[in-house]
Amino acid sequence: MDNEKENNVKHFLDLIQKSRKGKFKVYIGMSAGVGKTFRMLQEAHTLLRNGIDVKIGYIETHNRKETHELLDGLPVIPRRSIFYKGKQLEEMDVQAIINLRPEVVIVDELAHTNIEGSKNEKRWQDVLEILESGINVISAVNIQHIESLNQDVKRITNVDVKERIPDNVLRLADEVVNIDLTSEDLIDRLKEGKIYTADKIQTALNNFFKADQILQLRELALKEVASQVVRKVENEVPKTQALRHEKLLACISSNDRTAKNIIRKTARLASYYNSDWYVLYVQLPKESSDKIALDKQRHLINNFKLATQLGAEVIKIESTNITDTMLKVVEQKEITTVCIGKPHFNFFKVILSTSIFRRLLSRLSLSNVDLVILS
C-alpha cells in the first residue's frame, strides 16, 4: 500500500516537473538547404502575429537572401562576443535568453560545438538548459548529425560527420518535423544559388549533392520521423497489460570497431522501440586492468562514453564465463532482446565454437528473449 502511495506521489511530481519544462520542437532534414531555417523563421512570424513572445536566440542564414529577409521584424537576442585565439567570435547568449524568459526561442544549428571555455560544450546542452528554465524551444538539425546514424551517413556520403547529437536529445522532443524535398528540387535549389555561393556549387554537386546520396539520406530522415511517431504513440496511448515493454542488452568486447557498431545499432533499435537499453562488457581475466593493452583500454572507455551519450546504462562485470554472466544480466534486468556481433569476431568464438552457444540460445528461447546478431 505504501509503495502504491509512493508511486502515485512520484507520478504527480513527474507531471509537475514535466509541465514546468519548456516544449521542444525540432525540424530535421536530409541535408543543408532543404529549408529548415526558413521554416523556423516563418513559424516565428506566425507566433508573433498571434501575440506570442517569440525571440531569435541564434539563427544561421548562411547569407541566403530569402532566409535573411525573414529576419526583418523578429526580435533578436544579441549574441555573446568571445575573444578566442586572436579572433572576435560570437556564440548564443544562453543566460540572456533565460533572463529575458521569452515564451518561445528559436535556436538554429542544434549540433553546433561551442567555443572552448563556454559553459556547455555543445549547443544541444544549451537547449536542454533553456528548456529546464521553462522556455519553449524550436530548433533544427540535419539527419547526418544524429549519433547512431553516423556510420550510415559515412557509408552513403563517404563523409565522417564530427559534430553529432545523442539520439536522446531527439527523443526529448515533443514534436519532430521533417522538411522534405525531392532530390531534383534540392539540386535545383543548389544550382540556383539558394544554398551555396556560386564558387561552391560545382564542388557540392560533385560531392554531397548527388541524386542517389540525397535519396538515401531522404529515406533516413523519413524513417527517423516515423520512429518518433511510434515513440509518441507509445508514450501517450495508455498501455495495456498485454503489451511487452522492450529492454535491450548490447554485448560488447574490447574489439573497438565491432563494439561501436553494436552500440550504434542497438541505440537505433532502442530509439525505435522507445525502450531502456544496456551495454554489457564482460571483463575476462586476460583483460584485467593490469593486463589489457592501453589502446584497448582507451577504446573501451570511449565506447562506454558513446553508449552513455546514446542513453544506455553501461554494465561492466569481471568474470571467467561470458555466457553465464550474460544470462544473469538478462534475468536481473528483465531483458527482452540481446544484441551481439557477428560470430566470427574473437569475443564470440568462446560462445560459438562449442555447445555453450546452443545452451545460450536454448536458455534465451525458454525465457522468451530474442537474440539479434548484428552485421
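Residues numbered from 1 in each chain as written. Predicted model: local features only at pLDDT ≥ 70, side-chain atom pairs only at ≥ 80, totals over all residues. Heavy atoms only, no water.

Asker: Sorry if this is basic, but what is going on with the overall build of the protein chain here?
Answerer: Helix and strand counts for the protein chain stand at 15 helices and 12 strands. Taken over 375 residues, the protein chain has a buried fraction of 46%. Contacts spanning at least 24 positions in sequence make up 72% of the contacts within the protein chain whose residues lie at least 6 apart. Looking at the protein chain as shown, the accessible area adds up to about 20400 Å², and 51% of this sits on carbon and sulfur atoms. (Helix = DSSP H or I, 4+ residues; strand = E, 2+ residues; numbered from the N terminus. Buried < 20%, exposed > 50% of the residue type's maximum accessible area, 1.4 Å probe, protein only. Contact = heavy atoms within 4.5 Å. Areas by Shrake-Rupley, 256 points an atom, 1.4 Å probe, with all protein chains shown as cover.)

Asker: Teacher, can you tell me more about helix α6 (residues 150-157) here?
Answerer: Residues of α6 that are buried: N150, V153, I156 and T157. Mapping the buried residues of α6 onto a view down its axis gives an arc of 130°, with all of them on the same face. Following α6 by one or two positions, N158 adopts a phi angle in the positive range, close to 65°. (Arc of directions from axis to C-beta.)

Asker: I tried to follow the sheet that holds strand β5 (residues 104-107) on my own but got confused; where do I start?
Answerer: Strand pairing within a sheet occurs via backbone hydrogen bonds; the two strands may be parallel or antiparallel. Reading across the sheet, the five strands line up as β2-β5-β6-β1-β7 and stay open at both edges, with parallel pairing between neighbours. Of all strands in the sheet, those with a lone pairing partner are β2 (54-58) and β7 (175-179), marking the two edges. Across the sheet, the mean angle from the axis of one strand to that of its neighbour is 20°, orientation sign disregarded. Taken strand by strand, helix α2 (residues 36-49) contacts β1 (24-29), β2, β5, β6 (136-142) and β7, and its axis lies near 165° from that of β6. (Pairing = 2+ DSSP bridges. Axes fitted to C-alpha atoms, helices over the stretch in contact; angles between N-to-C directions.)

Asker: Please explain the state of the cysteines as it appears in this structure.
Answerer: Structurally, a disulfide amounts to a covalent bond that connects the sulfur atoms of two cysteines. Throughout the structure, instances matching the rule amount to zero disulfides. Free of any disulfide, C251 has its nearest cysteine sulfur in C339, 8.0 Å distant. For C251, a relative accessible area of 0% gives the class buried. (Disulfide = S-S within 2.5 Å.)

Asker: Is there a simple way to think about unusual backbone geometry in this case?
Answerer: Note on backbone geometry: most residues besides glycine have negative phi, and most peptide bonds are trans. The backbone of N63 shows a phi angle near 55°, a positive value even though the residue is not glycine. By secondary structure assignment, the location of N63 is in the loop between β2 and α3 (65-69). The exposed category is assigned to N63, whose relative accessible area is 73%. If you check the backbone angles, K85 has positive phi at about 50° while not being a glycine.

Asker: Mind showing me how you'd approach the packing of helix α11 (residues 256-273) against helix α12 (residues 294-309) here?
Answerer: Axis angle and axis distance: for two packed helices, these are the angle between their axes and the distance between the axes, and together they describe the pair. Two elements in contact, α11 and α12, have axes separated by 10 Å at closest approach and are oriented at 5°. When the axes of α11 and α12 are compared, the pair comes out roughly parallel. Residues D256, A259, K260, I263 and R264 of α11 lie in contact with α12, whose contacting residues are H299, N303, L306 and A307. Residues of the contact of α11 with α12, tallied by class, amount to four nonpolar, two polar and three charged. (Parallel < 35°, antiparallel > 145°, perpendicular 65-115°, else oblique. Nonpolar A, V, L, I, M, F, W, Y, C, P; charged D, E, K, R; others polar.)

Asker: Whenever I open this one, α2 confuses me. Can you help?
Answerer: Given 3.6 residues per helical turn, the α-helix brings residues three or four places apart onto the same face. If you check α2, its first and last C-alpha atoms are 20 Å apart, about what 14 residues at 1.5 Å a residue would give, namely 20 Å. Turning to α2, its buried residues are K36, T37, M40, L41, E43, A44 and H45. Taken together, the buried residues of α2 touch β1, β2, α3, β5, β6 and β7. Just downstream of α2, G51 is the residue with a positive phi angle, here 80°. (Expected span 1.5 Å × (residues − 1).)

Asker: Would you mind going over the packing of helix α8 (residues 183-191) against helix α9 (residues 198-206) with me for this structure?
Answerer: Between α8 and α9, whose axes approach to 9 Å, the crossing angle comes to 155°. Between α8 and α9, the crossing angle belongs to the class labelled roughly antiparallel. Contacts from I187, L190 and K191 in α8 reach I201, A204 and L205 in α9. When the residues that make up the contact of α8 with α9 are grouped by side-chain class, the tally is five nonpolar, no polar and one charged.

Asker: Please explain the packing of aromatic side chains as it appears in this structure.
Answerer: Within a pair of aromatic rings, the relevant descriptors are the distance that separates the centres and the angle that separates the planes. All chains considered together, the criterion is met by two aromatic pairs. Summarising the aromatic geometry, the rings of Y281 and F304 are spaced 6.0 Å apart at their centres and angled 55° between planes, so their arrangement reads as tilted. You can see Y281 sitting in strand β9 (residues 276-283) and its partner F304 sitting in helix α12, a full 23 residues away along the chain. Side by side, Y281 and F304 carry an identical accessibility label, which is buried. Taking the ring centre of Y58 as reference, the NZ or CZ of R79 above it sits at 3.9 Å. Sitting above the plane of the Y58 ring, R123 keeps its charged end 3.8 Å from the centroid. (Phe/Tyr/Trp six-rings, centres within 6.5 Å; stacked < 30°, edge-to-face > 60°. Lys NZ or Arg CZ within 6 Å of the ring centre and 35° of its normal.)

Asker: Mind showing me how you'd approach the sheet that holds strand β10 (residues 313-318) here?
Answerer: With respect to topology, five strands assemble into an open sheet ordered β10-β9-β8-β11-β12, the strand pairing being parallel. Whereas interior strands pair on both sides, the edge strands pair on one side only; in this sheet they are β10 and β12 (370-374). Across this sheet, the average inter-strand angle for adjacent strands is 25°, counted without regard to direction. Looking at chain direction, β9 and β10 are connected through six bridges and run parallel. Within the sheet, the bridge partner assigned to L280 lies in β10 and is I315.

Asker: Quick question: what am I supposed to make of the pairing of β1 here?
Answerer: Across the six residues that make up β1, a large majority, six, are buried. Sheet analysis places β1 next to β6, joined by six bridges and oriented parallel. Its bridge partner lying in β6, V26 is registered against S139. Across five bridges, β1 lies against β7 in parallel orientation. Bridge pairing in β7 links V26 to V176.

Asker: Help me understand the environment of S31 in this model?
Answerer: Examined against the element boundaries, S31 turns out to sit in the loop between β1 and α2. In this structure S31 touches K36, N142, Q144, L186, F208 and F209, once residues within four positions along its chain are discounted.

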